[in-house]
Amino acid sequence: MEYDFTYDRNSNKFGIRLAEEHEVLGRFLLEEFGQLAGAYQPLLQQLSALNSHQSMQYQGREYLLEIDAGEVTLSHNTLFYTTEQPLPERQQHKVADDDLQLDEQGMSMQCGLEDLLKLLRDWQQFLSE
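Numbers given for residues are sequential positions, taken from 1 along each chain in its written order. Per-residue local features are limited, in this predicted model, to residues with pLDDT of at least 70; the limit for side-chain atom pairs, both in listing and counting, is 80 or more; totals at the level of whole chains, interfaces and linings are taken over all residues. Excluding hydrogens and water, the side-chain figures rest on all heavy atoms present in the structure.

Engineer: What exactly am I supposed to notice about the overall build of the protein here?
Structural biologist: Helix numbering and strand numbering both begin at the N terminus, where a helix is a DSSP run of H or I of at least 4 residues and a strand a DSSP run of E of at least 2. In terms of helices and strands, the protein carries four helices and six strands. Element order for the protein, N to C, with α for helix and β for strand: β-β-α-α-β-β-β-α-β-α. Here the protein holds 129 residues, and 34% of them are scored as buried. Counting contacts in the protein only where the partners sit at least 6 residues apart, residues at least 24 apart contribute 54% of the total. All accessible-area figures derive from a Shrake-Rupley calculation using a 1.4 Å probe, and residue coverage is judged against the displayed protein chains alone. Just so you have it, the protein exposes about 8,800 Å², and 45% of that area is on carbon and sulfur atoms. Relative accessible area decides the class of each residue, using a 1.4 Å probe on protein chains only: under 20% of the type maximum gives buried, over 50% gives exposed, and in between gives partly exposed. By the convention used here, residues are in contact when the closest approach between their heavy atoms is within 4.5 Å.

Engineer: How should the side chain of histidine 76 be read in this particular structure?
Structural biologist: Structurally, histidine 76 is set in strand E5 (residues 71-76). What makes histidine 76 buried here is its relative accessible area of 14%. Polar side-chain contacts of histidine 76 include one of 3.1 Å to the side chain of glutamate 62. Within 3.5 Å is the distance limit for a polar contact, defined as a pair of N or O atoms, with the added protein rule that one can donate a hydrogen and the other accept it, and that residues adjacent in sequence qualify only through two side-chain atoms.

Engineer: Explain the packing of helix H1 (residues 23-33) against helix H4 (residues 113-128) to me, please; I cannot follow it from the model alone.
Structural biologist: In a packed pair of helices, the relevant descriptors are the angle between the two axes and the axis-to-axis distance. Following both chains from N to C, one finds H1 and H4 inclined at 45 degrees, their axes separated by 13 Å at the closest point. Here H4 runs oblique to H1, going by the angle between their axes. Relative to H4, the crossing made by H1 is right-handed. Of H4, the residues touching H1 (which contributes Leu25, Leu29 and Leu30) are Leu116, Leu119, Leu120 and Trp123. For the contact of H1 with H4, the residue count by class is seven nonpolar, no polar and no charged. Between N-to-C directions, angles span 0 to 180 degrees; the directions come from axes that are lines fitted to C-alpha atoms, helices contributing only their stretch in contact. Angle categories are assigned with fixed cut-offs, so that under 35 degrees is roughly parallel, over 145 is roughly antiparallel, 65 to 115 is roughly perpendicular, and the rest are oblique. Should the near helix be turned counterclockwise from the far one by less than a right angle, the crossing is left-handed, whereas a clockwise turn marks it as right-handed. Gly counts as polar in this scheme, as do all residues outside two lists: the nonpolar Ala, Val, Leu, Ile, Met, Phe, Trp, Tyr, Cys and Pro, and the charged Asp, Glu, Lys and Arg.

Right, here's the structure in full:
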């Protein structure tokens, strides 16, 4: 996984640039843990303690991070909701079922546990400098 860390001197904000398929990870980290290096330590400790056959879940405010046998999946919570309520009568004829599908792009990603650990350690070090 390729990434780049940024710091904007004007706004005093840190940022993470990732490939498009991993952008959701940057949003998750910044929204869930912020810009303080120490905030990442509990997650790093939990992830580092896993062996290749163990599983764990971290339920954040907006995302679910799942690790299973060394594979990481990060998904936005909206991907887990379904609605079976019909549209009001006046809207049923205006909207086709195909138009009601959730746009899942940018709401989930997968990577290896080792890649995630490396990114977290590098990010924490960047925040500490």
